[in-house]
Amino acid sequence: MTAAALAAHGLTRRFGSLVAVDGVSLALSVGELHAVIGPNGAGKSTLVNLLAGELAPSAGRLLVGGREVTGWPAWRIARAGIGRSFQKTNLMRDLSVFENVRLAAQAATGEGWLRRASAAGRAAAAARAAIARVGLEGFEEAKAGILPHGRQRLLEIAMALASGPKVLLLDEPLAGMGAEESERIAALIRALAADHAVLLIEHDMDVVFRIADRLTVMVEGRVLESGPPEAIRASAAVRDAYLGHDL
Ligand SMILES: Nc1ncnc2c1ncn2[C@@H]1O[C@H](COP(=O)(O)OP(=O)(O)OP(=O)(O)O)[C@@H](O)[C@H]1O
Ligand SMILES: [Mg+2]
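Residues numbered from 1 in each chain as written. Chains lettered and ligands numbered in written order. Predicted model: local features only at pLDDT ≥ 70, side-chain atom pairs only at ≥ 80, totals over all residues.

## A closer look at the domain arrangement of the protein
At step 1: Domain assignment breaks the protein into domain 1 (1-81 + 167-247) and domain 2 (92-164).
At step 2: In this structure, domain 1 and domain 2 have C-alpha centres spaced 25 Å apart.
At step 3: Contacts between the two partners involve ten residues from domain 1 and, on the opposite side, eleven residues from domain 2.
At step 4: Counting residues per element, the ones that place at least two in the side of domain 1 that touches domain 2 are helix H2 (74-79), strand S7 (167-171) and helix H6 (179-192).
At step 5: Residue composition of the side of domain 1 that touches domain 2, by class: seven nonpolar, one polar and two charged. (Domains from an automatic or database assignment. Contact = placed C-beta atoms within 7 Å. Helix = DSSP H or I, 4+ residues; strand = E, 2+ residues; numbered from the N terminus. Nonpolar A, V, L, I, M, F, W, Y, C, P; charged D, E, K, R; others polar.)

See the structure below:
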């Protein structure tokens, strides 16, 4: 059996007396779209921050391709092949689309472009490829800040792709989007799962149940249930947690 692209074992994060993420285990594989759902405050973003190394776990382990990376800083985990987007935007509004993605690619190579012309060329090529992958060709020179919301979300995905990661962690990439744009980006995320391991945080149940291969339901930091969409839909525990909502 090949090792999971990214695996968490008993991942736990405390903030004072609050256990925001409580013993979460999951495995992400290339070719699979794994959605994490749960009410506000369930610990979804904290989980992403733990998986990306932006937060250190209070307990538990993290493995990339079977290799222990627990406690590694975010930049090192990023270079091990983990790309992420943020629930709150991280794009630089006054820079162009191309510059935003190029800087993301450059951060991942860790080589100063002023010192290394070849690294600059590689970052630019990676940026162009990521921009093409999300369908933003033709917008390279547009300022990020003036793009419509849907295109800004595409730009954030391009930034996550810029380092050529195996794993993509996407924290609510469809938030605040109209139905048509949401469809487009959902289709893109589905396509990206063909050659990435994708973890998707999303509140829109229609989208999640349609495109995910596997769902993990979090409530109060813990995994309530994990399995294929049909098993989650049939779960009494999940129905109770979402009482009054159609699944
Ligand atoms: N840096 C922090 N310090 C203290 N508490 C935090 C911190 N980050 C998150 N929390 C708390 O941890 C819990 C989980 O938050 P988190 O943002 O992970 O939830 P979420 O599932 O992403 O929610 P949402 O759906 O609203 O984005 C919340 O109670 C939150 O207030
Ligand atoms: Mg969140």
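## Some words on the site of ligand 1
At step 1: Near ligand 1 you find Phe15, Leu18, Ala20, Gly38, Asn40, Gly41, Ala42, Gly43, Lys44, Ser45, Thr46 and Gln87, and these make up its full shell.
At step 2: Counting residues per element, the ones that place at least two in the shell around ligand 1 are strand S2 (18-28) and helix H1 (44-51).
At step 3: Looking at which element gives the most residues to the shell around ligand 1, the answer is H1, with three residues. (Near = placed C-beta within 6 Å.)

## Section: the sheet that holds strand S10 (residues 222-227)
At step 1: Taken in spatial order, the six strands make up an open sheet running S6-S7-S8-S3-S9-S10, and their pairing is mixed. Each end of this open sheet is capped by a strand with a single partner; those strands are strand S6 (82-85) and S10. Pairs of neighbouring strands in the sheet enclose a mean axial angle of 15 degrees, with direction left out of account.
At step 2: When strand S3 (residues 33-37) meets strand S9 (residues 214-219), the two strands line up parallel, connected through four bridges. Bridge pairing in S9 places valine 36 opposite threonine 216. (Pairing = 2+ DSSP bridges. Axes fitted to C-alpha atoms, helices over the stretch in contact; angles between N-to-C directions.)

## Remarks on the nonpolar core
At step 1: Core analysis: the biggest nonpolar cluster contains 71 residues, and Val101, Ala158, Ala162 and Val198 have the highest contact counts within it.
At step 2: With seven residues, helix H5 (residues 149-161) is the largest single contributor of residues to this core.
At step 3: Two domains each donate at least three residues to this core, and these are domain 1 (1-81 + 167-247) and domain 2 (92-164).
At step 4: In contact with valine 198, not counting residues within four places along its chain, are Leu33, His34, Leu168, Leu170, Ile189, Leu192 and Ala193. (Core = buried A, V, L, I, M, F, W, Y, C linked by C-beta atoms within 7 Å. Buried ≥ 20, exposed ≤ 12 C-beta atoms within 10 Å, placed from the backbone.)

## Here we look at the pairing of strand S1 (residues 6-15)
At step 1: Relative to S2, S1 runs antiparallel, the two being bridged by seven bridges. By the bridge assignment, phenylalanine 15 is partnered in S2 with leucine 18.
At step 2: Between S1 and S2, which follow one another and run antiparallel, lie two residues, and glycine 16 among them has a positive phi close to 60 degrees.
At step 3: Judged from the five bridges that link them, S1 and strand S4 (residues 59-64) form a sheet pairing that is antiparallel. Each bridged residue has a counterpart across the sheet, and for threonine 12 the counterpart in S4 is alanine 59.

## Regarding the sheet that holds strand S5 (residues 67-68)
At step 1: In space, the four strands of this open sheet follow the order S2-S1-S4-S5, with antiparallel pairing throughout. Where the open sheet ends on each side, the last strands, each with one partner, are S2 and S5.

## Notes on the environment of valine 36
At step 1: Following the sequence through the fold, valine 36 ends up in strand S3.
At step 2: Take valine 36: there are 27 C-beta atoms within 10 Å of it, and that puts it in the buried class.
At step 3: Taking the C-alpha atoms as reference points, valine 36 and arginine 84, separated by 48 residues in sequence, lie 14 Å from one another.
At step 4: Here valine 36 is in contact with Lys44, Leu47, Leu199, Ile201, Thr216 and Met218, once residues within four sequence places are set aside.

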